[in-house]
Amino acid sequence: MTTTATGAPSEVELAIGGMTCASCAARIEKKLNRMDGVTATVNYATEKAKVSFAGDVSVQDLIATVEKTGYTAQEPSPPDEPGDDEPVDDELRTLRQRLTTAALLAVPVVAMAMIPALQFEYWQWLSLTLAAPVVTYAGWPFHKAAFTNARHGAATMDTLISVGTLAAFGWSLWALFLGTAGEPGMTHPFELTIARGDGAGNIYLEAAAGVTAFILAGRYFEARSKRKAGAALRALLELGAKDVTVLGADGREQTVPVGQLKVGDRFLVRPGEKIATDGTVVEGSSAVDASMLTGESVPVEVAQGDAVTGATVNAGGRLVVEATRVGADTQLARMAQLVEDAQNGKAAAQRLADRISAVFVPIVIALALGTLGFWLGNGAGLTAAFTAAVAVLIIACPCALGLATPTALLVGTGRGAQLGILIKGPEVLESTRKVDTIVLDKTGTVTTGRMTLLAVHTADGTDEAEVLRLAGALEHASEHPIARAVADGALAKLGSLPTPEDFANVPGLGVQGIVDGHAVLVGRERLLEMGVPPLERSREWGRAMGLPGTLALVKAEAEASGRTVIAVAWDGEARAVLEVADAVKETSAEAITRLRALGLTPILLTGDNEAVAQSVAREVGIAPEDVIAEVLPQDKVDVVKRLQGEGRSVAMVGDGVNDAAALAQADLGLAMGTGTDAAIEAGDLTLVRGDLRAAADAIRLARRTLGTIRSNLFWAFAYNVAALPLAAAGLLNPMLAGAAMAFSSVFVVGNSLRLRSFKAAN
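None of the values given here were measured: they were computed from a predicted structure. (Residues numbered from 1 in each chain as written. Predicted model: local features only at pLDDT ≥ 70, side-chain atom pairs only at ≥ 80, totals over all residues. Heavy atoms only, no water.)

Draft legend 1. Representation of the overall build of the chain in the model. Along its length, the chain carries 26 helices and 26 strands. Put simply, the chain has 762 residues, and 52% of those count as buried. Counting only contacts in the chain whose residues sit at least 6 apart along the sequence, the fraction spanning at least 24 positions is 71%. Of the roughly 32100 Å² that the chain leaves accessible, carbon and sulfur atoms contribute 56%. (Helix = DSSP H or I, 4+ residues; strand = E, 2+ residues; numbered from the N terminus. Buried < 20%, exposed > 50% of the residue type's maximum accessible area, 1.4 Å probe, protein only. Contact = heavy atoms within 4.5 Å. Areas by Shrake-Rupley, 256 points an atom, 1.4 Å probe, with all protein chains shown as cover.)

Structure, rendered in structure tokens:
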């Protein structure tokens, strides 16, 4: 019955089972979109379908359509629900069992077929005993997928594997039970000659078992990598606080799970704790480290009436917050949704082998049928005709093809790991070839991601060491991130600092205290101008102070460059200003040069203010017009989409939670390994070292690995194409077939091993 789309559309996300390649996802998507009022996108990597539907269509109708296509579908459980990963674990465990079975049993089968010295009197029957479980049990996923594809008129890598292995196994059974291959003492002599032989005496069990084992190994490692596809969402959700201290109407404190928090509840946030949910400060003041979510490198000062975001860290004083958004409405939850939307909307790269197989398999089957008809029509007899036809199917069996992608990936990823680069899977490689624009997050990627003391400017007659000793000692007693930067910088230069005799925090302005008998002030210039009420032990704070002309000029220049300036005064006189900022990594400028050499246009994208962003861009060599500042996480996704809409192929490098959605949206996501789990899981490549130069090396290595896979596939198919005429002519003896398969496999492995010589640019 045709459905009519009426009313407001609904959305549902379905977990899809049974997909073996990207063409499976395309087939399901096509079937769903044929339904009236339905718009669907299917993601092979995450094994999910995001469906918008209206009218009389129900979720059960959608599931039924997927099942009619040959796959399974169900509404997924929430990502944080216990047991969510069990189906994935079961699938991976089953695949591992099949691979172990295939590897243990296939090795002796191949050895006996290739080494005549191992061919004892009844060796062929032992080969059959060992090969049968490999072809039937271990190879079952390929046969099942091939049957599903055949029902819908499609041919993929699974079809080629299934047809080739079953043809080799089936012919071997016929030769053993009805031909002469089962006779005691039968051997396959080591003769690399082209001659017409008796097909009834040939077995091809080593081809059936070996190909199954090789390709199962590739599938297992691919599945293990794909298993992490949804980990970005879980990593995001795990960032939030688990428990929260709720304040009752009578002021009593009660610790409850964060899931029980309701809008309007008031909760306590102590120094160092995560803020449980989005809300408004109703009591207290502090500095909040929001860099993980916003990319803002400088901690945000908050006080009564200011909004705060869940999962950010209270770096200073005690806060009481009233919850304004909870659960799925929070900024963190919306960011998780952004990541998922970006992953679902990102078209999965069609596997190269599937694309070639879609053309190659029908040609091979047609050639096999043509060979059978030709020999029957020429009176060669049923046995000779069938022998030639099956030989065509057997020689097309993709032994080298099964090694082409896994070996190149294995060597390429191994070499990448040595250089601090992790490649997640073959699907990401195609993107590296087309990338022409690279978007760089600032905080933690181009810069160190932490506040650093960059410069000390002193008034006339003031010693720099004395400034660092007194200011560092006072800041060492503070928990504020900027204070820690000053204290760490002072400790690095002096080695040790005195202990303050008295200390007090001035909310939002700075700190004051007594150090070695000096009344010291460290903080904003306004702190000096206000004239802070004196402590008992000092009267020097009773009057206001201002910065002398030279220091005022330095302060203005530093702030124009986007740096944070801290004033230092003691004994009633302004003595120095300190420059603090998120320092640019020493290797970033060189990295930008390398990226440009690869034909990429670097763009700096940050949540920081325009002055800071332009200052960093000038230092590393990025053009002013290629700087996009003061953006929120959702804006980062929009920027990537806008660039893609302009026809660019976009790579994104980032390290924070705020980058996760943009990393997933980009054509190629490169995550800094020093960053958050959410960013690492959302990226396609991980740069373990946290060095931006590794981004250039990663793109070079990925392009080289893709080139190796392409050349492997070419030679693997070239071998098949060259041998097909011999098979069709009935001139392919089993030893020559085995030797040809072995040579093609050795060539593919050798070509892949060349990736070990890849070197990082000097």
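Draft legend 2. Quick look at unusual backbone geometry. Residues other than glycine seldom take positive phi values, yet Ala311 does so here, at roughly 80 degrees. Along the chain, the position of Ala311 falls in the loop between strand 11 (307-308) and strand 12 (313-314).

Draft legend 3. Expanded view of the sheet that holds strand 19 (residues 518-523). If you trace the six strands from one edge of the open sheet to the other, you get 16-21-20-19-18-17, paired in antiparallel fashion. In this open sheet, the two edge strands, each paired with only one partner strand, are strand 16 (447-458) and strand 17 (502-506). Between one strand axis and the next, the sheet turns through 20 degrees on average, direction left out of account. Strand direction decides the pairing type here: strand 20 (residues 564-570) and strand 21 (residues 573-584), joined by seven bridges, are antiparallel. Paired with Ile566 across the two strands is Leu578, which belongs to strand 21. Here helix 17 (residues 481-494) sits on the sheet and contacts strand 16, strand 20 and strand 21; the angle it forms with strand 16, its principal contact strand, is near 65 degrees. (Pairing = 2+ DSSP bridges. Axes fitted to C-alpha atoms, helices over the stretch in contact; angles between N-to-C directions.)

Draft legend 4. Examining the UniProt feature "transmembrane region" (unreviewed entry) in the chain more closely. Mapped onto this numbering, the UniProt entry gives "transmembrane region" (unreviewed entry) at residues 99-116, 122-140, 160-181, 201-221, 356-376, 382-405, 713-729 and 735-753. Taken end to end, residues 122-140 is 89% helix and 0% strand, and its two terminal C-alpha atoms sit 27 Å from one another. For residues 713-729, the end-to-end C-alpha separation is 25 Å, with 94% helix and 0% strand making up the annotated structure. (UniProt positions renumbered as here; feature names shortened; annotations may be inferred.)

Draft legend 5. Inspection of the packing of aromatic side chains at higher detail. By the definition in use, this model includes five aromatic pairs. Judged by centre distance (5.3 Å) and plane angle (75 degrees), the rings of Trp125 and Phe177 are edge-to-face. With Trp125 in helix 4 (residues 123-138) and Phe177 in helix 6 (residues 157-177), this residue pair connects regions lying 52 residues apart in the sequence. When its relative accessible area of 54% is taken as the criterion, Phe177 is described as exposed. Plain terms: the ring middles of Phe374 and Trp375 are 5.4 Å apart, the flat faces sit at 80 degrees to each other, and that makes the pair edge-to-face. Judged by its relative accessible area of 18%, Trp375 falls in the buried class. Put simply, the rings of Phe714, Trp715 and Phe747 pair up and form one aromatic cluster. (Phe/Tyr/Trp six-rings, centres within 6.5 Å; stacked < 30°, edge-to-face > 60°.)

Draft legend 6. Structural context of the pairing of strand 25 (residues 668-672). Here strand 25 lies mainly inside the structure; five of its five residues are buried. Along strand 25, one buried face is formed by Leu668, Leu670 and Met672 and the opposite face, lined by Gly669 and Ala671, is buried too. Here four bridges tie strand 24 (residues 650-654) to strand 25, and the two strands are oriented parallel to one another. Bridging across to strand 25, Ala651 finds its partner in Leu668. As paired strands, strand 25 and strand 26 (residues 685-687) are joined by three bridges and run parallel to one another. Bridging from a neighbouring strand, Met672 pairs with Leu687 of strand 26.

Draft legend 7. How the structure looks around the pattern of salt bridges. Within this structure, the stated rule accounts for 24 salt bridges. Between Arg270 and Glu273 there is a salt bridge, with the nearest N and O atoms lying 3.8 Å from each other. With its nearest N and O atoms 3.4 Å apart, the salt bridge here joins Glu525 to Lys555. Taken together, the residues span a long stretch of sequence, with Glu525 in helix 18 (residues 525-530) and Lys555 in helix 19 (residues 549-560) at a distance of 30 residues. With relative accessibility at 16%, the residue Lys555 sits in the buried group. If you follow the salt bridges from partner to partner, you end up with Glu590, Arg594, Asp691, Arg693, Asp697 and Arg700 in one network. (Salt bridge = Lys/Arg side-chain N within 4 Å of Asp/Glu carboxyl O.)

Draft legend 8. How the structure looks around the sheet that holds strand 11. Taken in spatial order, the six strands of this open sheet run 6-5-7-13-8-11, and their pairing is antiparallel. Single-partner strands in this sheet number two, and they are strand 6 (253-257) and strand 11. Taken together, the five bridges between strand 5 (residues 243-247) and strand 6 define a ladder with antiparallel strand orientation. Paired with Val246 across the bridge in strand 6 is Gln254.

Draft legend 9. Just the nonpolar core, in detail. Counting residues in hydrophobic clusters, the biggest one holds 53 residues, and the most contacted among them are Ile203, Leu205, Leu216, Val364 and Val392. Elements with a contribution of two residues or more to this core: helix 3 (86-114), helix 4, helix 6, helix 7 (205-226), helix 11 (352-377), helix 12 (382-395) and helix 25 (693-728). For this core, the element with the highest residue contribution is helix 6, accounting for nine residues. If sequence neighbours within four positions are ignored, Leu216 has contacts with Leu95, Arg98, Leu99, Ala102, Ala138 and Phe142. Counting residues in hydrophobic clusters, the runner-up holds 46 residues, among them Val428, Val616, Ile622 and Met672. (Core = buried A, V, L, I, M, F, W, Y, C linked by side-chain atoms within 4.5 Å.)

Draft legend 10. Representation of the side chain of Thr437. Structurally, the position occupied by Thr437 is in strand 15 (residues 437-441). We classify Thr437 as buried; its relative accessible area is 1%. One polar contact links Thr437 to Arg648, side chain to side chain, over a distance of 3.4 Å. Ignoring anything within four residues of it in the chain, the contact list for Thr437 reads Leu600, Thr601, Ile603, Leu643, Arg648, Ser649, Val650 and Ala651. (Polar contact = N/O pair within 3.5 Å; in protein donor to acceptor, adjacent residues only side chain to side chain.)

Draft legend 11. Focus on a nonpolar patch on the surface. Together, Phe714, Trp715, Phe743 and Phe747 line one region of the surface with nonpolar side chains, adding up to about 470 Å² of accessible area. Residue assignment for the nonpolar patch shows that the elements contributing at least two residues are helix 25 and helix 26 (734-753). By the secondary structure assignment, Phe714 is in helix 25. (Patch = residues over 30% accessible without salt bridge, like charges linked within 9 Å, V, L, I, M, F, W, Y side chains within 5 Å.)

Draft legend 12. Broad picture of helix 25. Along its 36 residues, helix 25 runs 53 Å from first to last C-alpha, staying within 8% of the 52 Å computed at 1.5 Å per residue. Backbone geometry just downstream of helix 25 places Gly730 in the positive-phi region, at approximately 75 degrees. (Expected span 1.5 Å × (residues − 1).)

Draft legend 13. Main features of the pairing of strand 8 (residues 278-283). Here strand 8 pairs with strand 13 (residues 319-325) via five bridges, running antiparallel. Bridging across to strand 13, Val281 finds its partner in Val321. Note that strand 8 and strand 11 share two bridges and pair antiparallel. Bridging from a neighbouring strand, Thr280 pairs with Ala307 of strand 11.

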